[in-house]
Amino acid sequence: MKRKEFFSSLFAFVPLVLGFLGISKISVDFLNPETGNAKIRKIFAISLEDINIGESRNMTDLKGKEFLLIRTGEKKVKALSTTCTHLGCTVYWQQDKNRFYCPCHQGVFNPDGEVVSGPPPKKLNSYDTEIIGNNVYIYLKDKEA
Amino acid sequence: MGLAKWFKTSFPVDNEALVEMSSEPIPNHLKKWWWALGGTPLYMFIVQVITGLLLVFYYEPNVEEAYNSISRITNELPYGWLIRSIHKWSANIMIASVILHMMRVFFTQTYRKPRELNWMFGVTLFLLTLIFGFSGYSLIYEQMSYWAMKVGTEIAGATPFIGDWMASFIKGGEDIGQHTLTRMHIFHVMILPLAMVALIGLHVYLIRALGVSDLRFKDEERVEKKTFPFWPDHATTELVMVALIMFVLIALALLFPVHMGERANPNVTPIHIKPEWYFYPVFRWLKLTNLFWGVLGPMIFIGILYLWPFIDRFFEKIAPKKDLAFWIGVIGSLILTGFFFWEIVGH
């Protein structure tokens, strides 16, 4: 290839490749926007008078996802996500077997949310809670804008 | 100027070239009916495009109305149930015939030189067909399809290195919602069909350019002429096959029409959950392994499929005439079939 031809090709193809890369980058960013860190909100959940020790309540977080609030002691509560840590299915609380069971791939968790058997890689997620007086508060992520 | 002359001037197509193009020599083994099934996925794709075009006139891709619009198509619109049933059954036949076609190519080893690249296009078409099935099923927004979409996107999310990016790209946000449905819809009705048409074009072009491989059977008489023309001989056989497959398709649609499942509930996974039949082996595999291997296993399998023509060549080099490829194919097929039936009978 002659020098002139080489430079002609270079001038033709480099902008083409750069343009293609630019458009690809813009398209990918457009289709995959960064989701900003959602604010954490402290929300009143329940009064201790309305839940006895050992009892649980189904609740919904700010994104509409269900979770379980369990009173484990006099001044102790626990809020467990019911979303399986394997592939996102909802776990069932099986009272007779004292366990959480995921119907998708047979994951089993104990009442503390720890993995007993099956493919889940880690324990069920939990939400931070706080008790002020008789009131139970829970820390939840706000909805994305 | 006569109309015929005007047309010929405005549309200068060489008739002789057309005749030559359509007279591709076809190897004799394709005279046997069983060998004329290769076009089935293509016919089913055409049926999908036609019925899909009709369905998209009424389908509403938003989380509030998707289920209602499909319910309306199924229960209220004239022949809606039939069009939807044919769409679904032709998808199933398409997937089944692609799998059978791949097995035929595998066991007759027609992926060998110089057809390696066409095998790779074929594997891509197989994957596209599965993604087609997955995205189409997701659009229904009933319980089973919603949770299939959920599990599918989470699997994408567990892919090493690019998982988070991929899951976020497919979901269009942190969780399944309107953006996910929009994306599934755009993929199903726009991006995948275009990609499919392009790849089918390449696949068929390479079959034409490299020629159909010639297979001989032990009981076959030696004849002078090993080929016969595509037009009209093979085209007639194909037309009979189309009629037969259409008969089977319509019979299935009439005897087993589609119905509506329960509306999607993002908070409750059905206690008895199963994906579509073509994902049964993967679903069973996910129950048997941890998440890492659950996701990596199918990827390795796909990688092996892509590179199979070269792996086969390597085997042939280290152990010639030992039929390693055949036995690996038999064992692989038995494992997949085993997982398939295990998922049918197991929980």
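Residues numbered from 1 in each chain as written. Chains lettered and ligands numbered in written order. Predicted model: local features only at pLDDT ≥ 70, side-chain atom pairs only at ≥ 80, totals over all residues. Heavy atoms only, no water.

**Q** Help me understand the overall build of chain A, please; the structure alone is not making it clear to me.
**A** Each helix and strand counted, chain A has one helix and 11 strands in total. For chain A, the N- to C-terminal ordering of α and β elements is α-β-β-β-β-β-β-β-β-β-β-β. Its C-alpha atoms give chain A a radius of gyration of 26 Å, more than 25% over the compact-globule value 15 Å for 145 residues. Its C-alpha atoms put chain A at 85 × 35 × 20 Å along the principal axes. Sorting the 145 residues of chain A into buried and exposed places 34% on the buried side. Of the roughly 9200 Å² of accessible surface on chain A, a fraction of 56% belongs to carbon and sulfur atoms. Seen as two clouds, the 20 positive and the 16 negative side-chain charges of chain A have centres 8 Å apart. (Helix = DSSP H or I, 4+ residues; strand = E, 2+ residues; numbered from the N terminus. Rg over C-alpha atoms; globule rule 2.2 N^0.38 Å. Buried < 20%, exposed > 50% of the residue type's maximum accessible area, 1.4 Å probe, protein only. Areas by Shrake-Rupley, 256 points an atom, 1.4 Å probe, with all protein chains shown as cover. Lys, Arg positive; Asp, Glu negative; His and termini not counted. Charge placed at Lys NZ, Arg CZ, Asp CG, Glu CD.)

**Q** When you look at empty space enclosed by the protein in this model, what are you seeing that I'm missing?
**A** Rolled over the atoms, a probe sized like a water molecule indicates the empty space that remains. Under the definition given, this model contains one cavity of 30 Å³ or more. As a volume, the largest cavity reaches approximately 60 Å³. K65(A), E66(A), T82(A), T83(A), G88(A), C89(A), T90(A), W147(B), P266(B) and N267(B) are the residues that line the largest cavity. (1 Å grid on protein atoms, 1.4 Å probe; cavity = no way out; pocket = protein on both sides within 12 Å on 5 of 7 lines; lining within 4 Å. Points joined across faces, edges and corners; volume = space filled by probe spheres on them.)

**Q** Would you mind going over the packing of aromatic side chains with me for this structure?
**A** In this description, a pair of aromatic rings is defined by centroid distance and the angle of the planes. Under the defined criterion, the tally for this structure stands at 27 aromatic pairs over all chains. Ring centres 6.3 Å apart and planes at 65° place the aromatic pair F45(B) and F132(B) in the edge-to-face group. Highlighted residues: F45(B) in helix α3 (residues 40-56) and F132(B) in helix α6 (residues 116-138), separated in sequence by 87 residues. A residue is classified by how much of its surface remains accessible, and F132(B), at 12% relative accessible area, is buried. An aromatic cluster is present here, built from F106(B), F107(B), Y111(B), W119(B), W308(B), F314(B), F315(B), F326(B) and W327(B) joined pairwise through their rings. Cation over ring: K42(A) sits above Y137(A), and NZ or CZ is 5.2 Å from the ring centre. For R183(B), the ring lying beneath its charged end belongs to F169(B), and the centroid distance is 5.6 Å. (Phe/Tyr/Trp six-rings, centres within 6.5 Å; stacked < 30°, edge-to-face > 60°. Lys NZ or Arg CZ within 6 Å of the ring centre and 35° of its normal.)

**Q** Honestly, the domain arrangement of chain A in this entry has me stumped. Any pointers?
**A** For interface size, the figure often reported is the accessible area lost on association. Structurally, chain A comprises domain 1 (1-33) and domain 2 (40-141). A C-alpha centroid distance of 52 Å is found between domain 1 of chain A and domain 2 of chain A. (Domains from an automatic or database assignment.)

**Q** What exactly am I supposed to notice about the packing of helix α8 (residues 163-171) of chain B against helix α9 (residues 178-210) of chain B here?
**A** A pair of packed helices can be characterised by two numbers: the angle between their axes and the separation between those axes. Residues and elements named next belong to chain B. Between α8 and α9, the shortest axis-to-axis distance is 7 Å and the interhelical angle comes to 85°. The pairing of α8 with α9 is recorded here as roughly perpendicular in orientation. Between α8 and α9, the contacting residues are S168, F169, I170 and K171 on the first element and H179, T180, R183, M184 and F187 on the second. Along the lines of polarity and charge, the residues of the contact of α8 with α9 split into four nonpolar, three polar and two charged. (Axes fitted to C-alpha atoms, helices over the stretch in contact; angles between N-to-C directions. Parallel < 35°, antiparallel > 145°, perpendicular 65-115°, else oblique. Contact = heavy atoms within 4.5 Å. Nonpolar A, V, L, I, M, F, W, Y, C, P; charged D, E, K, R; others polar.)

**Q** Just to check I follow, could you spell out the pairing of strand β6 (residues 99-102) of chain A for this structure?
**A** On a regular strand, each side chain points to the face opposite its neighbour's, so the side chains alternate between the two faces of the sheet. Residue and element names in this part refer to chain A. As defined by bridge partners, strand β5 (residues 92-94) adjoins β6 across three bridges and the pair is classed as antiparallel. Among the inter-strand pairings, W93 is bridged to a residue of β6, identified as F100. Where β5 folds back on β6, the antiparallel hairpin that results is connected by four residues, among which N98 adopts a positive phi of roughly 55°. Judged from the three bridges that link them, β6 and strand β7 (residues 107-109) form a sheet pairing that is antiparallel. Within β7, the position partnered with Y101 by the bridge is V108. (Pairing = 2+ DSSP bridges.)

**Q** Got a minute to help me understand the sheet that holds strand β1 (residues 40-47) of chain A in this structure?
**A** Hydrogen bonds along the backbone pair up the strands of a sheet, which may run parallel or antiparallel. Residues and elements named next belong to chain A. Across the sheet, which stays open at both edges, the three strands sit in the order β1-β11-β10 with antiparallel pairing between neighbours. Two strands lie at the open edges of the sheet, namely β1 and β10 (129-132), each paired on one side alone. For this sheet, the mean inter-axis angle between neighbouring strands, taken without regard to orientation, is 30°. Sheet analysis places β10 next to strand β11 (residues 135-141), joined by four bridges and oriented antiparallel. Bridging from a neighbouring strand, T129 pairs with I138 of β11.

**Q** Would you explain the domain arrangement of chain B in this entry?
**A** Residues and elements named next belong to chain B. Taken domain by domain, chain B comprises domain 1 (27-212 + 224-273) and domain 2 (283-347). Here the C-alpha centroids of domain 1 and domain 2 sit 22 Å apart. If you look at the interface, domain 1 gives 20 residues, while domain 2 gives 21 residues. Carbon and sulfur atoms supply 76% of the area buried between domain 1 and domain 2, which totals about 1800 Å² over both sides. A per-residue breakdown of the area domain 1 buries against domain 2 is headed by F106, F107 and M120, which together make up 24% of the total. Viewed at the interface, domain 2 and domain 1 are joined by three salt bridges. One salt bridge in this structure joins R112 and E316, with 3.4 Å as the shortest N-O distance. Taken together, the connections running from domain 1 to domain 2 amount to seven residue pairs in polar contact (both at pLDDT 80 or more). For the side of domain 1 that touches domain 2, the elements supplying multiple residues, two or more each, are α5 (80-107) and α6. Counting residues per element, the side of domain 1 that touches domain 2 draws most heavily on α6, at seven residues. For the side of domain 1 that touches domain 2, the per-class residue count stands at 14 nonpolar, three polar and three charged. (Buried area = accessible area lost by both parts, 1.4 Å probe. Salt bridge = Lys/Arg side-chain N within 4 Å of Asp/Glu carboxyl O. Polar contact = N/O pair within 3.5 Å; in protein donor to acceptor, adjacent residues only side chain to side chain.)

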